[in-house]
Every structure is written in structure tokens, then in C-alpha cells.
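Inside the fold
Spelled out from the first residue to the last, the chains are:
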Amino acid sequence: MRHALLFMVLLGLALSSSRAAQDDAKVQVDLATQDDSWSVPADLTLRARVTAITPQEPVNIDWRYGGEGMGGQVSKGTLAEKLDIGVWSPPLRVAPLVKGKFPGKLFVTFTTGRGGKLARDKQYGYHHMEGHSTGVDMEFEFGWNGKVIKTFTESGPDGGTIGLVIPAYRLAGGKTPESPEFLSELTGLLEYAHQRAARLQKLPWAGSAGVPAGWFPKRFSIVTDIHGYGTGMYYGTRYTNKSVMEAECTSLRLLGVNSLAGAPLFLQEMAGARKGFGKDFARGIYLQLGGYPVPSAPKGKTVPEAGCPFAPGVAARTKEMIDAGLPQALKLPFDEVFWRTEDEIGSVFDRAPEGKQHAAVCPLCAEGFRAYVKAQGRAPSDFGKADWPEVKPIDIFGKQPAAITDPGTALAAYSTSMFVNYASASLFTPVRDAIAQANKETQQAPDKRRPLIYSFALRGNTFLMGGHSLDFFDFYRLADNAFVYETSNRDARVWSWDSYLCDVGRVVSNQQELKLGIYVKPHRGAVIQRTLSAVSRGAQMIYWYTYGPDYVKGDSFAEKDEALEKTSRAAWLLGKAEEVLYGSAWAIPAQVAVVNPRSSEIWAKLRATAGLPSSAASYENAKWIYTALAHAHIPVDAIDEGMLATQDLTRYKAIYISGQNLTRAAATKVTDWVKAGGTLYTSGGGLARDEADQPLVALQPILGLEGRNAPEMWYTVSAYGATTLEPYDDARKSITPVPAGAEISAAAPTEAKFKPRIGREVLKPAAGTEVLAKFADGGAALTRFACGKGRVFVAGFFPGLEYSAPLRSENYDMSKDFDASLRRLIAWPAAENAPAIVDASVATVEGVLLKNEASGKRAVTLMNWTYRVSGKRGGGKNVVSLVPLKNLAVTLRCGGKVQKLTSVMLNAQLPCHSEEAGVYNFTLPELNEGDVLLLE
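Figured I'd write up the structure that's included with this text.

Procedures and definitions
- Residues numbered from 1 in each chain as written.
- Predicted model: local features only at pLDDT ≥ 70, side-chain atom pairs only at ≥ 80, totals over all residues.
- Heavy atoms only, no water.
- Axes fitted to C-alpha atoms, helices over the stretch in contact; angles between N-to-C directions.
- Helix = DSSP H or I, 4+ residues; strand = E, 2+ residues; numbered from the N terminus.
- Parallel < 35°, antiparallel > 145°, perpendicular 65-115°, else oblique.
- Contact = heavy atoms within 4.5 Å.
- Nonpolar A, V, L, I, M, F, W, Y, C, P; charged D, E, K, R; others polar.
- Phe/Tyr/Trp six-rings, centres within 6.5 Å; stacked < 30°, edge-to-face > 60°.
- Buried < 20%, exposed > 50% of the residue type's maximum accessible area, 1.4 Å probe, protein only.
- Lys NZ or Arg CZ within 6 Å of the ring centre and 35° of its normal.
- Core = buried A, V, L, I, M, F, W, Y, C linked by side-chain atoms within 4.5 Å.
- 1 Å grid on protein atoms, 1.4 Å probe; cavity = no way out; pocket = protein on both sides within 12 Å on 5 of 7 lines; lining within 4 Å.
- Points joined across faces, edges and corners; volume = space filled by probe spheres on them.
- Pairing = 2+ DSSP bridges.

Interaxial distance between helix α8 (residues 363-375) and helix α9 (residues 407-425) falls to 10 Å at its minimum, and their mutual angle equals 100 degrees. Put simply, α8 runs roughly perpendicular to α9. Together, Cys365, Gly368, Phe369, Tyr372 and Val373 of α8 and Ala412, Ser415, Thr416, Met418, Phe419 and Tyr422 of α9 make up the contact between the two elements. When its residues are assigned to classes, the contact of α8 with α9 shows eight nonpolar, three polar and no charged.

Turning our eyes to something else, we now look at the packing of aromatic side chains. For the structure on display, the rule yields 44 aromatic pairs. On the basis of an interplanar angle of 35 degrees and a centroid distance of 5.7 Å, the ring pair of Phe140 and Phe152 is categorised as tilted. With Phe140 in strand β9 (residues 134-144) and Phe152 in strand β10 (residues 147-156), this pair connects stretches of sequence that are twelve residues apart. Residue Phe152 is classed as buried on the basis of its relative accessible area, which comes to 12%. Between Phe463 and Tyr500, the ring centres sit 5.2 Å apart and the planes meet at 85 degrees, which makes this aromatic pair edge-to-face. Note that Phe463 is positioned in the loop between β17 (452-456) and α11 (474-478) and Tyr500 in helix α12 (residues 497-512), a separation of 37 residues in sequence. Of the two residues examined, Phe463 and Tyr500, each falls in the buried class. Through successive ring pairs, a cluster of aromatic residues spans Phe107, Tyr192, Tyr229, Tyr239, Phe266, Phe277 and Tyr551. Note that Arg459 overlies the ring of Phe472, its terminal NZ or CZ placed 4.0 Å from the centroid. Positioned over the ring face of Phe475 is Arg459, at 5.1 Å from the centre of the ring.

The subject of this paragraph is the nonpolar core. Ranked by size, the top nonpolar core spans 221 residues in total, and within it Phe483, Val504, Ile542, Trp544, Leu644 and Tyr656 carry the most contacts. Excluding anything up to four places from it in sequence, Val504 contacts Phe463, Phe472, Phe473, Phe483 and Ala638. By size, the runner-up hydrophobic cluster in this structure holds 36 residues, among which are Ala48, Ile53, Tyr65 and Leu171.

Below, the discussion takes up the layout of surface pockets. The calculated volume of the largest pocket comes to roughly 1900 Å³. Lining the largest pocket are 50 residues, and of these His523, Lys560, Glu562, Arg873 and Lys877 lie nearest its centre. Contributions of two or more residues to the lining of the largest pocket are made by α3 (189-201), α13 (527-535), α14 (561-581), β36 (867-873) and β37 (878-882). Here the lining of the largest pocket gets five residues from one element, more than from any other, and that element is β37. In the lining of the largest pocket, the residues fall into 17 nonpolar, twelve polar and 21 charged. Of the volumes computed, that of the second largest pocket is approximately 1100 Å³. Lining the second largest pocket are 39 residues; nearest its centre among them are Ser509, Asn510, Glu513, Leu514 and Lys515. At the level of secondary structure, the elements contributing two or more residues to the lining of the second largest pocket comprise α10 (429-444), β17, α12, β19 (515-520) and β21 (584-586). Broken down by element, the residue count for the lining of the second largest pocket peaks at six residues, all from α12. The residue inventory of the lining of the second largest pocket, partitioned by class, reads 16 nonpolar, twelve polar and eleven charged.

This part takes up empty space enclosed by the protein. A probe matching the size of a water molecule, rolled over the atoms, marks out where space remains unfilled. Each pocket or cavity is described by its volume, and for the largest cavity that value is around 230 Å³. For the largest cavity, the lining is made up of 17 residues, of which Trp586, Ile634, Pro635, Gly847 and Val848 are closest to its centre. For the lining of the largest cavity, the secondary structure elements donating two or more residues are α16 (616-631) and β34 (845-852). With four residues, the single largest contributor to the lining of the largest cavity is β34. Here the lining of the largest cavity is composed, by residue class, of twelve nonpolar, two polar and three charged. Considered as a void within the structure, the second largest cavity measures approximately 100 Å³ in volume. Ser496, Trp497, Ser499, Tyr626, Thr627, Ala630, His631, Ala843, Thr844, Val845, Glu846 and Trp865 are the residues that line the second largest cavity. Among the elements of the structure, α12, α16 and β34 are those that each provide at least two residues to the lining of the second largest cavity.

This brings us to the sheet that holds strand β42 (residues 919-927). In spatial order, the strands read β33-β38-β42-β41; together these four strands make up an open sheet with antiparallel pairing. With partners counted over all chains shown, the strands left at the sheet margins are β33 (838-840) and β41 (912-916), one partner each. If you compare each strand with its neighbour and ignore which way they point, the axes differ by 25 degrees on average. Pairing of β33 with strand β38 (residues 885-893), which is carried by three bridges, proceeds in the antiparallel orientation. Bridging from a neighbouring strand, Ala840 pairs with Val890 of β38.

Any functional reading would require information beyond the geometric quantities listed.
Written out as C-alpha cells, the structure reads:
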């Protein structure tokens, strides 16, 4: 029965829920202060009564809010006990319900009657109760200043759980509870959901009947969660009226949603049957059918095999998970099933009592480690050992008393870190392979009408932050059918970094034939840009995280009208251009690559663990190297050391490697590539050491340097942590004053002149090496060396970080803060041989030329990442606003003919002209967050 088939889905979902103009840019911005304070009058009261219930009997009326996915602890109390039907409860003062600051919107859940008993039969849903009260109507009355100000009724046909909202934010600015704004939004959840849907239905693109029939995305899987419905009373149940769900589904359609997560059983069945208000949600379903086949050890408890990937029971548990989950998924009546294995996945060793130190003490893991390094062609002597039994993982996760200097021990430390990723990822290889085989069979016999399945471990955007024990390249060589990560960056200055991680996803997904998906968090900003960035890299699943709704989940965008409007607009843009965007790829492959080596990241961590000075500057420098290239509008592939070492690099004219460490295997291939004509660029102490943190001797001949010195650091750089970009004027992080002779002057064509803030390596040029920039005290700051047919640029400073430095101010303005000469200092070596494809007149506008692989149709996606501080909120918090652009000039090097150019966002054809074959110039009258330009 379908009920039985969907039970695991519902259970998994329940578990998963527990988790401007260019002219304007020249104008001085007035920093206005916004008053967002409010208070609830002490004499605002509410009372309630039950007017209908089955069975009829005296009832209690209880209330609760918070917790259960809303954050914090549950607050609860009782309005009345053993109250007869139709009798009012005593008045309850509203303000004391909340200790401390009253929230802008307080969602209160009321329960009455019999709660029922949770049904354990699998034919029912996770929140299905038995023996509960039904047909419940409750009337609420609010009073203030001695009189009744509003009365309304809310129903619970399927149980005695009813919710309402108290919009305290509407009392800001001295407004009283009698204000129309407050009274209008003082409602039950049904009216609250209707009001939200009505606002979305008024959007210009909603359609004459408020239904997005003409643009609703059909091929992209647009997912969001929709929790809160249940029967009777239960954890997380906020209402028992299916009409609330119907109203919310109206909103979801206007957000482009066609796939479900967290939906109640009845909505899943409607979607699967393509009936009623659920008929538009059958594109996909998101669930959890199994994760690590390794148990966890709760703190203080011993659990057999906990955290051990080589334990005897792993194979059986893996088979059990596949045998249970795969058949269930294949029978689901949806087009696509997204099988999340782990939420914000961490290392498998984190499940052990010892954490990651488990690998260093477990005999089974030692044997697994030896097999791992043997497969890499290592020998015991590489680790300074006489025989294999002496080779094992070492403890690199406790505090090291000193730096690791012994080459063998250092190689073991690096290999241990890599082993953590290998041991974790390989646990998902059987799941990946079983699903891949099932998908192959489905595609070969599409008449079977069964879904395609994509397993994935949800990744945070840790690649953009301080790193992670699981790599973003090697992991997918062993695990998963999909690459899915969630956006978390909250600082507008780095929102464009999502394009970096999407480039990682694009490259990895193409290499491993993975589905690419992304969690876009609309309330974190740049929803349109982030969405366009993702689909411009091949993403086909977009998860609006998280709708909630807001009365169910605390981390929700459902209550934020601006986020809702922009999310709807993003979906509209996808729907209107879906014919071209879905299944598209870069029309012209990237000719430039960027590498932030894993070995550099590992040794940055190891140095920090040993208490040595932080080398995070190298890690952060790489991100801003990418940013500068993006601002020069040069498309890049984000690749890793494994690709450097094993793949054909001839398609790349330039490669930027930013880290201090690089594996010897990668160095050998890079040397050959440079000699054959490649352009290599490194900086910030880059390419000085190998994976065992020993001098990278093999690479020195092509750098054109007599030797290397560790960079002298003047400022302690911290890795970005998803919240606020750090300033570079914090006296507490200053190591030593910047030397007077550190100012850099560069020759043409960059002609940059600036004083660095972070650190430098005074380069020692060898004979035949050109000095392109010097420090004021005479030392070489930037060199170029001809090697074979190629050339190598070495910057003896951190050009990426220096490029970002002017932006790191309290009142930043991205339309002004980036130095074009510094950008040229970074991008010039690449731009000489790999010109921009979509070259916009504003650096912070990103453009991607796409070609649909099936139809051959082309499009250009444009993303405006230009933001500035435009005001202050109460408490001095910045208001950050988009800088809209007028008359944006664009040069398009598409290599083909363009007879017609249409802006989807403006719904207008744009004149364009060509003075050179395959090169077109046009002006976009207006660009806000983003646009899609259709080429014909």
C-alpha cells in the first residue's frame, strides 16, 4: 500500500526537520537610522473558549510556544482547566507570556481535548494520532484598555491543536493594539496563511488568477519544506486543519516549488496522484533513508563499533540500508527522489568516543590506513619505518607539543588527514553504486514510471570558511550521486563566493556525473544571484531553505516579505528561461583554473594545532584571487591537486595556485605543463613546500627564484567564518608594524602602487627572471620567469587579501572599494591569453554564457553582486542594500552569431552591434539583482 511505502519517507522527513545605478554609485549615501523597537502593553489580554468539539466534554485549554524546531525551549502554560463547552477562560495578560524581549511575531499554539495516542501502524503517518478529539472550534478574544478589540474563531477539524499569531512588531513607533495594522495581522494560522498567499498573488508575475501556470518551473526541482500539520496533539504539530496547508501550497506554487520536503502524508499522496492542491508538487521528494552505516557513541556510553568505518558490522548494515531504502524510493510516485544520507556531514570518526583520534588507536583503522597508502604507491620508508606493521595513522587531532619536522612523521600526518576523508567517503560507495545501477535501469526502461534517485550528504559551505575534515573533491571520487551544499555566508561582501563553490560543484559534478543541487537561504540574502549562479553551473535542484512555515521552524524566510518576493522572482526567472537554462553548460570552456590545494589547508591546520603562527592568510588569499579573476570577468575552473596530477592540463592557458603546499605529484605535472606553454601564477608564499611540508625542490627551477623564505607576517589573518568579514585594522591582531619600505610599485601594464598590510616574502630572483614590481626598499615583489614555452609569475605578497582590504570597513561600498590596478596585478597574466567572455562595465557584475546541450539555444545569466551600507538599524547594526545599475555596458565574446537579444527580467529586446566577428556590444538599461538574456 502507498501508505506503507510512504511511512519511511515521512519518518525520514520528520527526522530531517530536527536540523545600483552606475550614476548612483557616485552619490554619497545618507545613513538613515531605522526604529525597529516595539513593546506590548501590560493590559493587552486574551481569553478563549471551545465552541465545538467531539466528543463533547469539559476540556483544558493549554498554550505553548518555542522549541520543537522554533529554537530555544518550549514555554507553556494553562488558560483553563475542565472548562465547559462555550464557557470563556479567564483573561490572560499577553506581555508576561514572554520573558525578556517580546518577539516581532509570537506564534502561540493552543491545545484542547483529547490528544490521542501515536499510531504505530506503518500505514499511518508519523504524526497520526488515534483516540483524539476532532471537530474543534475555538474562539479567541483580545482585550485592551478595558474593551474588546478583536474576536475570531479558528478550527481544528482533525484535532485540538490550533495556532495563532500576535504581531508585536506592528506596535513599533508608539502604535497601539487598536491600530489597523496590528488588528489585521492578529489572527489564527489559517488567516495568516491566506494573507501571505494574497500578498504573493499580487506580485506582477503571479498571473491574472494569482496562479503561475505560464511560468511555473517544470524541469528544475524546486524544493522547500512544509511542516506543521498533524492530527490530535504531538511534538511539532501546530495546526490540525488541512485548509491551512492548502493556503500554504498556494504560496509555495508562487515560489516556484514543485517538490516536497517534510510534507504530511495526505499531501504526499495528493502530489503522487497529481490531484487537488497537491498536483503541482510531484517533481521530486526529499527524504532520508539512511546515512553512515556506523553507530554513534553518546557521551558517556560505550556502543560497539561506534565511529569505526572498518568494523565487522559495517557491510551488513550497509546492505540492510540499501535493501530497505532503495526499493522504498523506487516505488515513490515522484519524478526524482533526493536521498539525504547525512545532514551537514562530518567525519565518521566523530561518532567514536575518541572522536577523530579513534583512527590513531584502532587496530582495524590502522590496517585500513596501510591499505590506503599502499594503494597510493607508498612504501614504509616514506614514513621513516622499516616495515608495514609500523605504519599507522598518527594522532594529529590532539594538541601537538611542537611542529612536525621529521619528513616521515610529517607525511604520516598529511596522510592521516587524507585518510579521514577516505574512510568516511568510502562508506557511501556501495549506496552510490546501487543507486547508479537503479538509475541506469530506469533510464533504459522509462516506461517503468519510477523515479530517478540521487543520494547526497549535505555539505555546509565550509570550503569557503575554515575548511573541513572532508574534502570537496576527493569525497566525491568515492561517494554520492549528487553534490549538494547549503549557502550560509551572511556578509554581502562575500556572497559572490557562492559562485566559487558552485564552480567546485560544476567541475566535480561533470567529472563524476553527479546531480548538482544547492540550498539557497533567501533570508541570508542574494537569493536571485545565488540561484542564477547555481543554475549557471548546472544545478538542477534548488532547495529554498527553509520555508517552514515560520510558525513551525525558527530558521525560516516565510515571514519575510522581501525574501518571499525575491524568491518568487528568482523562481519566475527560472521558469521563464527554463527551456534554455535546464540542461545547459558553459558555451565556451574555461581556459583558466584556480587551485586552493588540500595539502596547504591541511598544513595550515597542523601548524595551528602545534601552536605555530597561523597560515590562514594563504587560505583566505586564494578566495580573493578567485574574486579578482571574477571581477576581471575571466571564467575559471576550480580544480584540485588530484586533477593537476592526473588529468590533461593542456586546455588551460593559465593556472593560479595559491597555497604554500602542493603535492609532489601535482608539482611534476605542473612543471611539464608550464614548459609546454602554460602560465602559472602563485602568491602568498605559494608553492614552497610539498605534502610532507618539506621544501618543494622539484618545482624551484620553474619559479625563477634562487630560494624561498617564509613570508614575514605583519597581521594575523583569520579564516572567514560565515558571519562578518574581519577588518584589517584591529590592533589586537597586529603582529608588527608594516615596514616603511614595504610599499609596492608595479610597472606597466598594471601600474599598481600600494602599501601592503598583511605580509610579504622578499623574492630572490634567479638569473633571467624579470622583476615586474618592487618594494620601496628595493626587494623584488613580483617576478616573471620564462620556462620553456611557458612562464611563471610569483607575487611576494598576498595580492588577493590586499585587493579585499579597502572593502573591510564599517561603511563599505562595493561600487567604489575595489582597486582596478590591484585587480590587473592579479588577472593580467590570465587575461592576456584568456579574455573575458561576458565582459561587463562594472566589475562586480558576473556574467556566464550558457548553451543548452540538447537544443543548442544560448543565454547569458547576469548577477549583480554590488552592495553597500545604506543605513543603520536600532543598536547601530548596518543596513546593507543592493546597488542597482543603469545602462550597464556589456561586451559578449560568443564566437557565433547573435541576431536577437532579449532580457527576460525587463521583457524587452535589446539592440546589439558587432564590430568584430563573434563579438557583440550591447547596453542593458537596468540591472537589479540579476537577469537572463536570451540569444537567438
